[in-house]
Amino acid sequence: MKLDLPKLKRACFNVAQNAMCETKHVDVASIESIANEFFEIAKGYEEFVVALDRDPNLIARAVNYLAYAHTMPSMRNNTRWFSDTLTIIIEMACPDVVVMEDGMAFYRDIEEGIEVARSYLDEKNTK
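Note that the structure is a prediction, hence the values are computed from the model and not measured.

On to the packing of helix α2 (residues 28–43) against helix α5 (residues 79–93), then. Interhelical geometry of α2 versus α5 gives an angle of 30 degrees and a closest axis separation of 10 Å. Taken together, the axes of α2 and α5 lie roughly parallel to each other. As α2 runs across α5, the sense of the crossing is right-handed. Across the interface between the two elements, Ile-34, Glu-37, Phe-38, Ile-41 and Ala-42 of α2 pack against Thr-79, Phe-82, Ser-83 and Leu-86 of α5. Looking at the contact of α2 with α5 residue by residue, the class counts come to six nonpolar, two polar and one charged.

Right under this line is the structure:
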């Protein structure tokens, strides 16, 4: 499978737009500039994900998750926050190290959180 670069670019734009959102006007050029930096960072995970035999498009899904779940205007153009957070999310989706029992306990916590999130979606879809 191939990384959908336009989809990843849109996801990075979403993060940048949410991070730079303020009560005053922010020009599109500023948003696009930081989105391009985010895009370059995110593209850098492709080789890692593919080496683990995973769909590289999970990178775009992870970036979209960040855009809507963890991005706040106070982050503005903070590429370090973006890189560090994306690293953690990618590692959780594509573990490449042996996880000890304490780490596995956290993965079980994540599984429980995913079930809660799914129940919210199921509840929303039944209304």
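When you line up the elements, Asn-57 lands in the loop between α3 (46–51) and α4 (58–69). According to the relative accessible area criterion, Asn-57 is buried, its value standing at 10%. Residues contacting Asn-57, with those up to four places away along its chain left out, are Met-1, Lys-2, Leu-3 and Asp-4.

Attention now moves to α5. Relative to the 21 Å expected for 15 residues at 1.5 Å per residue, α5 spans 21 Å between its end C-alpha atoms, a close match to the ideal helical length. Of the residues making up α5, those classed as buried are Trp-81, Phe-82, Thr-85, Leu-86, Ile-89 and Ile-90. Seen from one end, α5 has its buried residues packed into an arc of 145 degrees, which puts them on one side. Among the exposed residues of α5, those oriented more than 90 degrees off its buried face are Arg-80 and Ile-88. Residues of α5 that are buried in the fold lie against α1 (5–20), α2, α3 and α4. The opening residue of α5 is Asn-78, an N-cap whose side-chain oxygen sits 3.1 Å from the backbone nitrogen of Arg-80.

Another aspect to go through is the pattern of salt bridges. Within the structure shown, the criterion is met by five salt bridges. A salt bridge links Asp-84 to Arg-80, with the shortest nitrogen-to-oxygen separation between them at 3.3 Å. Residue Asp-84 and its partner Arg-80 are located together in helix α5, separated by four residues, close to a single helical turn. Glu-101 is the partner of Arg-108 in a salt bridge, and the nearest nitrogen-oxygen pair spans 2.6 Å.

Here is what the cut-offs are and how they apply
- Residues numbered from 1 in each chain as written.
- Predicted model: local features only at pLDDT ≥ 70, side-chain atom pairs only at ≥ 80, totals over all residues.
- Heavy atoms only, no water.
- Axes fitted to C-alpha atoms, helices over the stretch in contact; angles between N-to-C directions.
- Helix = DSSP H or I, 4+ residues; strand = E, 2+ residues; numbered from the N terminus.
- Parallel < 35°, antiparallel > 145°, perpendicular 65-115°, else oblique.
- Left-handed = near helix turned anticlockwise from the far one by under 90°.
- Contact = heavy atoms within 4.5 Å.
- Nonpolar A, V, L, I, M, F, W, Y, C, P; charged D, E, K, R; others polar.
- Buried < 20%, exposed > 50% of the residue type's maximum accessible area, 1.4 Å probe, protein only.
- Expected span 1.5 Å × (residues − 1).
- Arc of directions from axis to C-beta.
- Polar contact = N/O pair within 3.5 Å; in protein donor to acceptor, adjacent residues only side chain to side chain.
- Salt bridge = Lys/Arg side-chain N within 4 Å of Asp/Glu carboxyl O.

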